[in-house]
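# Reading the structure
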Number of protein chains: 2
Amino acid sequence: MKMLTPNQLNSLNFSGGPGALPETVLDQVREAIVSVPDVGLSILGISHRSDWFASVVAELETNIRVLLGLDKGYRVLFLQGGATQQFSMVPMNLLRGSPVAAQYLHTGYWSGKALPEARREGPVQVAWSGEASGFSHLPTDAELALDADAPYLHYISNETVEGLQFHRVVGRDDVPRICDMSSDFLSRPGEFDRFSLIYAHAQKNIGPAGVTVVVLRDELLQKMRGDVPTFLDYRAQADANSVLNTPPVFAIYVILLVTRWLRDEAGGLPGIAAKNAKKAEVLYKALDASRGFYRGRAAAADRSLMNVVFTLPGSDVEQRFLDEAADAGFSGLNGHRSVGGIRASIYNGLELSAAEMFANFMDDFARRNR
Amino acid sequence: MKMLTPNQLNSLNFSGGPGALPETVLDQVREAIVSVPDVGLSILGISHRSDWFASVVAELETNIRVLLGLDKGYRVLFLQGGATQQFSMVPMNLLRGSPVAAQYLHTGYWSGKALPEARREGPVQVAWSGEASGFSHLPTDAELALDADAPYLHYISNETVEGLQFHRVVGRDDVPRICDMSSDFLSRPGEFDRFSLIYAHAQKNIGPAGVTVVVLRDELLQKMRGDVPTFLDYRAQADANSVLNTPPVFAIYVILLVTRWLRDEAGGLPGIAAKNAKKAEVLYKALDASRGFYRGRAAAADRSLMNVVFTLPGSDVEQRFLDEAADAGFSGLNGHRSVGGIRASIYNGLELSAAEMFANFMDDFARRNR
């Protein structure tokens, strides 16, 4: 392998998650392991009941609300358990006891994971499924059979395994929209006030694994039943300002640093979205220019700006591609174990220069192996 | 405040949790933020599906089993959600549908928190409660009304708020024993093979907040019902080797470093137990020598070796004590918000020299304010 510095290796990390974080954030985290500015103690030893941590949660809540353009009618919670926990928490709080089915879109691997957990709690209707077409594209609005009486519509904005992303808000404005944005949260602007509940684990665009952000409308809290275990009760978590029990202090602090970076260095959501679009453009261009050597998994209109998923002609060639990429310092490029192939994840923390280097590698590899 | 270095400030952290970690562990964590040895990437950007992370989980499972003296009949899981999640997971998996009540000991604030979550899932019988006596002592064996038919007995080995700790194993060997060891896990040797399930969040003795260790007998898994949300199903978590979904990679890595430190530098559980006993002895001696100026909360026989909890004559004096302690660099000494007073937590990461410095401070303060 080429001799690269740790910072260079981190900059070439295309992992599907946990993903790369900005170098300036890593520098601050490194310092905080020994001493958090204005506190003087290690971030790993500061009480979650300290005034300092209360100020972290308060600033982070504000940063996220401001970045999303939401008003105080929304609460921001920091929970554990990943999107998987949300697959259960959402129907536990909003579907149990309902005679009317909640609607779910089944657009890929991860939205499929949400279904059995929802069915455990109440009736579920799949308003559209891409299963028969191999999850190669997303539905048009005309294809969706939406129910005005459903307690909510649940979908995933970006399917990391298949590399599919919605580039519009779907659903009806008179039915609560619940969206798993785990893999594109804070990666682009949007009409976030059209959602009743958004959740996102941190380990793609905004921090380390171990914390999940939930943004939800205050009025949705009033509709909840509340007869669930306390730690799975959104109302109890909101009442306790995310410190119902000891939260993942470290992970929350890292998200705070990332939101400051987004705000102060990355140009907010418009700035990061422009960068993310450019990175995706560079990679899809390399893919399209290969004249079929690289085959994209997703229909062109639904291509993800976060995960560029493709195959090569045969598993031998794919393995050689991965080996040569690793030799050049690129990492995290294996496709999800359920589909194989190659996946280049280009989350917020990845720089345009890394995408350009990888696109050059793709061009060169295609030329030599076509 | 005295001018102290970050390492000195960390060494004087008596927080009830998240607590202080050993300096050598912090040094390694700091390095790993930029580059994990043998991997070259930031610990925050390494996939949980990597071979490296599988080796972390495997080594950590072995380290914990060896430290506890348990054989392969036990599984070790790394979950999220803290002890609070376990308050629900235990009865969800082992009490739902049972006609016979599970037995619980109510010995203080935290064991009390487990009760309503258990009652939500099935019948509960409190086999002993210290509520009437203000949680000032623990039960003798003769005081326990144990039921041979109970699906399990649940208790907490160390109550952090009241500073009470069991110095023996309680319960019947023919009833599964389930113990919340969150605040004294890996702090002393014990007959751990007499327990069916042990759980402990990390943020006292073994790591940062955000990960919970569950050690359970393989045969207990067979008794579980399994009709619970997948992420709350011990069997599903065991089948997936703790990577059912993305685990808190960073926190698990820090625990691995702490177990290596315990094994290689701290003399294993006998070594750390001797150090912990000595720290407690030094502080309780200062308390007893004050001739009633400091009043210990716990009955002498049940004093905790982890949390030394006491009051001073009046809240003004307590505030002055806290202020002067802070000026001297000591932190984290406020008693739990439910009881007030002072709490000096002396977990694994705290050095004997710090306990001695604090004991001297106590002696001096008592002399000047008595």
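Residues numbered from 1 in each chain as written. Chains lettered and ligands numbered in written order. Predicted model: local features only at pLDDT ≥ 70, side-chain atom pairs only at ≥ 80, totals over all residues. Heavy atoms only, no water.

Here is the rule we go by: UniProt positions are given in the numbering used here, feature names are shortened, and annotations may be inferred rather than shown by experiment.
In the nomenclature of an unreviewed UniProt entry, chain A corresponds to Phosphoserine aminotransferase from the organism Massilia terrae. Here chain A is described in UniProt, under the heading Subcellular location (unreviewed entry), as follows: "Cytoplasm". For chain A, the Function (unreviewed entry) comment in UniProt is given as "Catalyzes the reversible conversion of 3-phosphohydroxypyruvate to phosphoserine and of 3-hydroxy-2-oxo-4-phosphonooxybutanoate to phosphohydroxythreonine."

### Notes on the UniProt feature "binding site: L-glutamate" (unreviewed entry) in chain A
Residue and element names in this part refer to chain A. Spelled out, the test is: Numbering goes from the N terminus for both helices and strands, where a helix is a DSSP run of H or I of at least four residues and a strand is a run of E of at least two. Throughout, exposure labels follow a simple rule: accessible area from a 1.4 Å probe, protein chains only, divided by the maximum for the residue type, with under 20% read as buried, over 50% as exposed, and the rest as partly exposed.
Using the residue numbers shown here, the UniProt feature "binding site: L-glutamate" (unreviewed entry) corresponds to Arg49. By the element assignment, Arg49 lies in the loop between α2 (23-34) and α3 (51-68). Overall, the relative accessible area of 35% leaves Arg49 in the partly exposed class.

### A few points about the pattern of salt bridges
All names here are of chain B. Rules: Salt bridges are counted wherever a side-chain nitrogen of Lys or Arg sits within 4 Å of a carboxyl oxygen of Asp or Glu.
In total, this model carries 38 salt bridges over all chains according to the counting rule given. Notably, a salt bridge pairs Glu59 with Arg260, separated by 2.8 Å at the nearest N-O pair. Of this pair, Glu59 sits in helix α3 (residues 51-68) while Arg260 is found in helix α8 (residues 249-264), placing the two residues 201 residues apart along the sequence. Residue Arg260 is classed as partly exposed on the basis of its relative accessible area of 28%.

### Thoughts on the interface of chain B and chain A
Note the cut-off: A contact between two residues is defined here by any heavy atoms of the two lying within 4.5 Å. In short, buried area is how much 1.4 Å probe accessible area vanishes from two parts on joining, totalled over both. What qualifies as a polar contact is a pair of N or O atoms within 3.5 Å, subject to a donor-acceptor requirement within protein and to the restriction that residues adjacent in sequence count only when both atoms come from side chains. Any residue outside Ala, Val, Leu, Ile, Met, Phe, Trp, Tyr, Cys, Pro, Asp, Glu, Lys and Arg is labelled polar, Gly included; the first ten of those are nonpolar and the last four are charged.
Contacts between the two partners involve 53 residues from chain B, matched on the other side by 54 residues from chain A. Buried area between chain B and chain A, summed over both chains or domains, comes out near 4,300 Å², and the portion from carbon and sulfur atoms is 60%. Counting the surface chain B buries against chain A, the share from its top three residues, Arg30(B), Leu44(B) and Phe231(B), is 14%. The interface formed by chain B and chain A holds zero salt bridges in total. Remark: the boundary between chain B and chain A carries 20 residue pairs in polar contact (both at pLDDT 80 or more). For the side of chain B that touches chain A, the class distribution of residues is 22 nonpolar, 24 polar and seven charged.

### Focus: the UniProt feature "domain: Aminotransferase class V" (unreviewed entry) in chain A
The sites that carry the UniProt feature "domain: Aminotransferase class V" (unreviewed entry) are, in the present numbering, residues 13-348 of chain A. Structurally, residues 13-348 of chain A is divided into 35% helix and 15% strand, and its ends, taken at the C-alpha atoms, are 12 Å apart.

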